[in-house]
Amino acid sequence: MASSISGLCSHTFTPKSKPILTSPKDPILNPTRFTLLTKTLNPRPFALNSLAREIPSSSSSLPFVASSPLMKEEKKKGLGLEKDPRILWGRYVDWLYQHKELGLYLDVSRIGFTDEFVKEMEPRFELAFEKMRELENGAIANPDERRMVGHYWLRNSELAPNSFLKAQIENALDRVCLFADDVVSGKIRTPTGEQFTQVLSVGIGGSALGPQFVAEALAPDNPPLKIRFIDNTDPAGIDHQIAQLGPELASTLVVVISKSGGTPETRNGLLEVQKAFREAGLEFAKQGVAITQENSLLDKTARIEGWLARFPMFDWVGGRTSEMSAVGLLPAALQGIDIKEMLAGAALMDKATRTTVLRNNPSALLALCWYWASDGVGSKDMVVLPYKDSLLLFSRYLQQLVMESLGKEFDLDGNKVNQGLAVYGNKGSTDQHAYIQQLREGVHNFFATFIEVLRDRPPGHDWELEPGVTCGDYLFGMLQGTRSALYANDRESITVTVQEVTSRSVGAMIALYERAVGIYASLVNINAYHQPGVEAGKKAAAAVLALQKRVLAVLTEASCKEPVEPLTIEEVADRCHSPEDIEMIYKIISHMAANDRAIIAEGSCGSPRSIKVFLGECNVDDYV
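Note that the structure is a prediction, hence the values are computed from the model and not measured.

Examining the confidence of the model for the chain
- For the chain, per-residue confidence averages 89 on the pLDDT scale, and 87% of positions sit at 70 or higher.
- Below pLDDT 50 for its whole length, residues 1–7 participates in 11 contacts with residues either more than four positions away or in separate chains.
- Note on residues 12–78: pLDDT under 50 across the span, and 133 contacts to partners over four residues away in sequence or across chains.

Right, dumping it as structure tokens:
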């Protein structure tokens, strides 16, 4: 296995070919399992007399405003989508995108945009393409935080705006490859001389969702190191992960990921793991790895304590776009995943999505579909349905990428717009037995994205359950049947198809959606690269914890009296000088009582005004 990891990290990649659109001769248009039509029709210009949309022409930076009453009425009546199979076949052929080298296809034929709509959107796309060019050239694309946005440089360091950044990227990748190779080969061992067998990744949000998705999608059945994740501050969840390691804690490499080094959930996870190491008589520092920004609190801690290794997170890479940095590459490489192929797939997709020809740009096509389907104001949700078990976590990954990027209260001009796209999903064909019933016949508040994988099993491993039908044929039938059933009831959908799930195709899909989010953000004039709502939530949480300390101080003082003085909720609020926070104080006390840290002397939590509470012991030094 060591040699295979070394091979993964040693070759270089240069994008060569240019993606092209399919012709009717391409295999995907005529597979034996396709049943739309049995003969090829000549592609012809397509025009739908449906759902004509009005786009403001005064400014390409303004979001879509409103649909006409007539259009809304047509939507209600379900009159909008073309149903003639011959016309749909022509539309399918006319709009199908193919990237031959990646084996990736994008079908937007079941989104009902019109030729007129596409033409009206052209000025917006021209502006979006220009903004993306500026972003890749090093412009300040995140104006609120005065930062460049450089995740595209991670898979092609030649694009970095200066030689210093280029060297940073290349050095980080070389170090990730060398370290992973040394761990897997046994050159780097535990303090007792054993080989590492497990990876415990501690991180949250973008520091967890990408690595989790990639691990589920690409890790081999018997990886050189198995990976577990602590991605929350839930004590029971943390205890479970540590308990599952058991005696293998001694051969576990702990990777702690936090850009700022001060993320509370990650810090808590680290402290819990360090406690487990102490109780097991193990030296954490010799098994700890930090991935963080240079000179962050975590970086300084790891340096002072002499952790096994430290890897950089860059100021110009956001958490939700960090999978192609050390954040995602190190955990992947330790599992035996070909990280150079991931980078190669992303680089090829980046090259394809730089074209300014809308039809030839799959990310732009996605953004076009999102705008059309949601009226440019997020009026419909995006349901992601991957028909492959290994891609189950793709919808969770896209949830953060899309919703944290696009869910914004204000646009770049300071107008209150409350933008966003809600994303949720399951996997096919589990969805048949979950929520397809509502998607087909319930409230029409979504559009679907199907993720199709053509290869069912490795060559030579398939077999027929019955004459002419394999297990994979059933999965294929469920996908195509669901797509058809939804469309028959005027539910629009996109289909992304890959030949098989490989490091290259996964890298390409990540890059495809990263660019789509950036383009769509430009269409609706918002900053996709900050997250003020997340920061507001963190500040509110900090305020709750600060209030809890005041509550503890008040209860401690009362509990240290002779005799003990049980307090009502109102009395606690008054002594905290926070009568306006009485509800939160009640919730704090309820949580403390449920965890045996406070005693309800009278009443019950179901009747808040009846409660009298005290701590049960006097701990003056801790809280006063």
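Some words on helix H16 (residues 503–523)
- With 21 residues, H16 extends 31 Å between its outermost C-alpha atoms, agreeing within 8% with the 30 Å of an ideal straight helix rising 1.5 Å per residue.
- The element H16 is largely enclosed, with a buried count of 21 among its 21 residues.
- Two residues or fewer past H16, Asn 525 is found with a positive phi of approximately 65 degrees.

Thoughts on the state of the cysteines
- Taken as a whole, this structure holds one disulfide when the rule is applied.
- Note on cysteine connectivity: Cys 560 is disulfide-linked to Cys 618, with sulfurs 1.7 Å apart. Looking along the S-S bond of the Cys 560-Cys 618 disulfide, the torsion reads about 100 degrees, which is the right-handed sense. Here Cys 560, found in the loop between helix H17 (532–559) and strand S15 (567–568), pairs with Cys 618, found in the loop between strand S17 (612–614) and helix H20 (620–623); they are 58 residues apart in sequence, far enough to count as distant.
- Note on Cys 618: relative accessible area 42%, which makes it partly exposed.

Observations regarding helix H12 (residues 362–374)
- Over its 13 residues, H12 extends 18 Å from the first C-alpha to the last, a length consistent with the 18 Å expected when each residue adds 1.5 Å.
- Burial analysis of H12 places 13 of its 13 residues in the buried class, which makes it a mostly covered element.
- Directly beyond the C-terminal end of H12, a positive phi value near 60 degrees is found at Asp 375.

Quick notes on the sheet that holds strand S6 (residues 252–257)
- Strand order in the open sheet formed by five strands is S5-S4-S6-S7-S8, and the pairing between neighbours is parallel. Of all strands in the sheet, those with a lone pairing partner are strand S5 (226–230) and strand S8 (309–313), marking the two edges. Strand-to-strand twist of the sheet, defined as the mean angle between neighbouring strand axes without regard to direction, takes the value 20 degrees.
- Inspection of the sheet shows S6 paired to strand S7 (residues 288–293) by four bridges, in the parallel sense. By the bridge assignment, Val 255 is partnered in S7 with Val 289.

Focus on the packing of H12 against H16
- Contact geometry for H12 and H16: axes closest at 8 Å, N-to-C directions at 50 degrees. Between H12 and H16, the angle is such that the two are oblique. The interaxial crossing formed by H12 with H16 has right-handed handedness. When H12 is examined against H16, the residues Pro 362, Ser 363, Ala 364, Leu 366, Ala 367, Trp 370, Tyr 371 and Ser 374 are found in contact with a partner set consisting of Ala 511, Leu 512, Tyr 513, Arg 515, Ala 516, Val 517, Ile 519, Tyr 520 and Leu 523.

Focus: the pattern of salt bridges
- All chains considered together, the criterion is met by 25 salt bridges.
- Among the ionic pairs, Glu 535 bridges to Lys 538, the shortest N-O distance being 3.8 Å. Note that Glu 535 and Lys 538 are positioned in helix H17 at a spacing of three residues, about one turn of the helix.
- As a salt-bridge pair, Arg 575 and Glu 565 come within 2.7 Å of each other at their nearest N and O atoms. One end of the pair, Arg 575, is in helix H18 (residues 569–575); the other, Glu 565, is in the loop between H17 and S15, with 10 residues separating them in the sequence.
- Accessibility expressed as a relative area gives 21% for Glu 565, which makes it partly exposed.
- Salt bridges sharing common partners tie together Glu 136, Arg 155, Asp 350, Arg 354, Glu 514 and Arg 515.

Concerning the side chain of Asp 299
- Along the chain, Asp 299 turns up in helix H9 (residues 297–305).
- Using a relative accessible area of 5% as the deciding quantity, one classes Asp 299 as buried.
- Excluding residues within four positions of it along the chain, Asp 299 makes contact with Thr 292, Gln 293, Glu 294 and Arg 310.

Description of empty space enclosed by the protein
- Following the criterion strictly, the structure yields four cavities of 30 Å³ or more and no others.
- Space inside the largest cavity adds up to approximately 100 Å³.
- Of all the secondary-structure elements, those providing two or more residues to the lining of the largest cavity are helix H5 (163–185) and helix H10 (326–334).
- Broken down by element, the residue count for the lining of the largest cavity peaks at four residues, all from H5.
- For the lining of the largest cavity, a count of residues per class yields 11 nonpolar, one polar and no charged.
- Lining the second largest cavity are 10 residues, with Glu 452, Val 453, Asp 456, Leu 475 and Phe 476 positioned closest to its centre.
- Elements supplying a minimum of two residues to the lining of the second largest cavity: strand S11 (446–453) and helix H15 (471–488).
- Considered class by class, the residues forming the lining of the second largest cavity number six nonpolar, one polar and three charged.

Quick notes on the rules
Throughout this document, residue positions are counted from 1 along each chain, in the order its sequence is written. Local features in a predicted model are, by the rule used here, given only for residues with pLDDT of at least 70; side-chain atom pairs are given and counted only at 80 or more, and totals for whole chains, interfaces and linings are based on all residues. Water and hydrogen atoms were dropped before computing side-chain values, which therefore reflect all heavy atoms in the structure. A score between 0 and 100, pLDDT records how confident the predictor is in each residue. Should any heavy atoms of two residues lie within 4.5 Å, those residues are counted as being in contact. Helix and strand assignments come from DSSP, with helices taken as H or I runs of at least 4 residues and strands as E runs of at least 2, each series counted from the N terminus. A helix's residues, less one, multiplied by 1.5 Å, set its expected span. The rule is simple: take the accessible area with a 1.4 Å probe, protein chains only, and divide by the maximum for that residue type; under 20% is buried, over 50% is exposed, in between is partly exposed. Defined by distance alone, a disulfide is two cysteine sulfur atoms within 2.5 Å. Here a strand pair is declared whenever DSSP counts at least two bridges between the two strands. Here, axes are lines fitted to C-alpha atoms. For helices the fit covers the stretch in contact, and angles between N-to-C directions go from 0 to 180 degrees. We call two directions roughly parallel when the angle between them is under 35 degrees, roughly antiparallel when it is over 145, roughly perpendicular when it lies between 65 and 115, and oblique otherwise. Take the far helix as the reference: if the near one is turned anticlockwise from it by less than a right angle, the crossing is left-handed, and if turned clockwise, right-handed. Should a side-chain nitrogen of Lys or Arg be within 4 Å of a carboxyl oxygen of Asp or Glu, the pair is scored as a salt bridge. Definitions used throughout: a 1 Å grid over protein atoms alone; a cavity as a set of points that fits a 1.4 Å probe which cannot get out; a pocket as an open set with protein on both sides within 12 Å along at least five of seven lines; a lining residue as one with an atom within 4 Å of a point. Grid points are joined across faces, edges and corners, and a volume is the space filled by probe spheres set on the points. Each residue gets one of three labels, nonpolar for Ala, Val, Leu, Ile, Met, Phe, Trp, Tyr, Cys and Pro, charged for Asp, Glu, Lys and Arg, and polar for the others, Gly among them.

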